[in-house]
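# Tertiary structure, described
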Amino acid sequence: MIEVELTVKSEQGLHARPADLFVRAANRFQSEIRIRNLTNGSEYVNAKSILKILSLGVYSGFKIQLTLDGSDETEAVEVITALVNSNFKE
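Below you will find a few notes about this structure. (Residues numbered from 1 in each chain as written. Predicted model: local features only at pLDDT ≥ 70, side-chain atom pairs only at ≥ 80, totals over all residues. Heavy atoms only, no water.)

## Section: the pairing of strand E2 (residues 32–37)
Burial along E2 is one-sided: the residues Ile33, Ile35 and Asn37 are buried and none of Glu32, Arg34 and Arg36 is. Where E2 meets strand E4 (residues 63–69), six bridges bridge the pair, whose relative direction is antiparallel. Directly across from Asn37, in E4, lies its bridge partner Ile64. Across two bridges, E2 lies against strand E3 (residues 45–46) in antiparallel orientation. (Buried < 20%, exposed > 50% of the residue type's maximum accessible area, 1.4 Å probe, protein only. Helix = DSSP H or I, 4+ residues; strand = E, 2+ residues; numbered from the N terminus. Pairing = 2+ DSSP bridges.)

Dropping the structure here:
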């Protein structure tokens with residue numbers, strides 16, 4: 001299992017287009033991927049669900065924490081970290 005903390009720097013936070021890109025990236029992998037909003041102390045939710053992601057209320061500057069568990073967790077964390085750190089640029 002891998003855990004990573006990231007800061008969302010996108011002006012939109014994790015809403016609309018960035019949330020869609022995040023979910024698309026997460027769904028490319030077989031690993032279980034969970035996310036929580038560290039800034040407001042939310043519970044973990046399924047990172048492969050757009051509705052769950054949007055329910056977190058992640059805005060620009062908020063910290064998130066991911067847990068990844070599965071056979072492709074290393075590749076998944078690299079792809080998702082790069083996506084978040086690039087401000088969700090394709």
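## Concerning the pairing of E4
The two faces of a sheet get side chains in turn, since along a regular strand they alternate between them. Counted residue by residue, E4 has five buried out of seven residues, so it is predominantly covered. Taken together, the six bridges between strand E1 (residues 2–7) and E4 define a ladder with antiparallel strand orientation. For Leu6, the partnering residue across the bridge sits in E4 and is Ile64.

## Focus: the packing of aromatic side chains
One pass over the full model with this rule turns up one aromatic pair. Aromatic side chains Tyr59 and Phe62 sit 5.6 Å apart centroid to centroid with 80 degrees between the ring planes, which places their arrangement in the edge-to-face category. (Phe/Tyr/Trp six-rings, centres within 6.5 Å; stacked < 30°, edge-to-face > 60°.)

By themselves, these observations are geometric and do not establish any function.
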